[in-house]
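# Chain and residue survey
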Amino acid sequence: MPLITSDTKGVFVIAVTPFEENGAIDHASIDRMIDFYYDKGADGLTILGMMGEAPKLTQNEAIDITRRTLRRSDGKPVVVGVSAPGLVAIGELTKAAMDMGAAGVMVAPPSSLKTDDQIVAYYRNVVDTIGTEVPMVLQDFPLSTGVQIAPGTLRTIFEAHPSIVMLKHEDWPGLQKITALRDDEAKGCRRVSILCGNGGMFLTEELRRGADGAMTGFGYPEMMVDVCRLSAEGKFETAQDLFDAYLSLMRYEQQPGLGLAVRKYVLAKRGAIATAAQRRPAAALNAASVQEVERLIARQQRKLEELN
């Protein structure tokens, strides 16, 4: 399996974790979902993220899902989310994932971190725990973690730890953070790959600011693939027109607490997974919400037909 580097680009789809209605892991749907993502043009996958319901899994389940995903990915790069309250759990899952052929691991900061010094010390401890040979993604998602990491603090961490090769950028608002990091690079600081999250809501602007791609989920991953491709070709207006056709559904998916239910409903409707089931506790779509999603999907299809 290839390893991620500071030059990694493209779309790494944040994979959901398929469940059966009784809460058991749906192994057959894992295979089908992986095929779906790659068929739609994904360059790689990221598993066991926040939208992958990782906190609801046991460590053995996480390892089993990692093994199955890597086997099905057939040489494509897979990043494994290993965030956990304690360093021992992070180290254990990291070793298992890398031994199986993962491309790298992703670590978000725990919500207990309040100062720049604490943040810097935390990532020093993580690198010490997993080893400097493991490529790592630093997940910067303050809306979820509550941890604010300034560009200067990120720069300090990146310069101290070359094994941290990627930033998963999902600050909000955070476009200026991308600009600041790319300005630092132009001044001689080490380059770090920047892939962006937030459900792709700001993807067109992020790419213009210097991001290298997307690391997020959406029921239509082909949109992210095409927007990244068109932007790389300098066709920014065409990319924006395509992006806009999907925007209403993307916006709907951004509802806190309901977004995963929307995403899984769309993936099930498209045949990527058998059911939209989540492991409890979870919020489900009611009949009115389903009607709204269906209306937005139909509207999206009309907009795409107009573009073509």
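Heads up: these notes are all about the structure in this document. (Residues numbered from 1 in each chain as written. Predicted model: local features only at pLDDT ≥ 70, side-chain atom pairs only at ≥ 80, totals over all residues. Heavy atoms only, no water.)

### As for the nonpolar core
Applied cut-off: What we call a nonpolar core is a set of buried Ala, Val, Leu, Ile, Met, Phe, Trp, Tyr and Cys residues that are connected through their side-chain atoms within 4.5 Å. Relative accessibility thresholds used throughout: buried, under 20% of the residue-type maximum; exposed, over 50%; partly exposed, between the two (1.4 Å probe, protein chains only). Here a strand is any run of E in DSSP of at least two residues, a helix any run of H or I of at least four, and the numbering for each starts at the N terminus. Residue contacts are defined here by distance: any two heavy atoms, one from each residue, within 4.5 Å place the two residues in contact.
With 90 residues, the main nonpolar core has Y37, Y123, M136, L138 and Y246 as its most contacted residues. A total of eight residues in this core trace back to one element, the largest contributor, which is helix 10 (residues 236–253). Filtering out sequence-adjacent residues up to four positions away, Y123 remains in contact with V107, A108, P109, M136, L138, Q139, I157, H161 and I164. In this structure, I14, V137, V165 and M215 belong to the second largest nonpolar core, which totals eleven residues.

### A closer look at the pairing of strand 7 (residues 193–196)
The cut-off we apply is this: Two strands pair if DSSP finds at least two bridges between them. Here is how to tell: hold the view so the strands point away, follow the path from the first strand over the helix to the second, and if it runs clockwise the crossover is right-handed.
Side chains of strand 7 alternate between two faces, with S193 and L195 and I194 and C196 buried alike. Sheet analysis places strand 6 (residues 164–169) next to strand 7, joined by four bridges and oriented parallel. Residue pairing for strand 7: L167 is matched across the bridge by I194. Handedness of the crossover joining strand 6 and strand 7 through helix 7 (residues 175–186): right-handed. Across two bridges, the pairing between strand 7 and strand 8 (residues 213–214) is parallel. When the sheet's bridge partners are listed, C196 is paired in strand 8 with A214.

### Description of unusual backbone geometry
With an omega dihedral of 5 degrees, the bond running from W172 to P173 counts as a cis peptide bond. Structurally, the position occupied by P173 is in the loop between strand 6 and helix 7. The omega angle of the peptide bond from R280 to P281 is -5 degrees, so this bond is cis rather than trans. Summarising the element assignment, P281 is placed in the loop between helix 11 (259–269) and helix 12 (287–307). Notably, E53 is not glycine yet its phi reads approximately 55 degrees, a positive angle. Within the fold, E53 resides in the loop between strand 2 (44–47) and helix 2 (59–73). Positive phi, normally seen in glycine, also occurs at N198, with a value near 55 degrees. If you trace the backbone, N198 turns up in the loop between strand 7 and helix 8 (203–209). Its relative accessible area of 3% is what places N198 among the buried residues.

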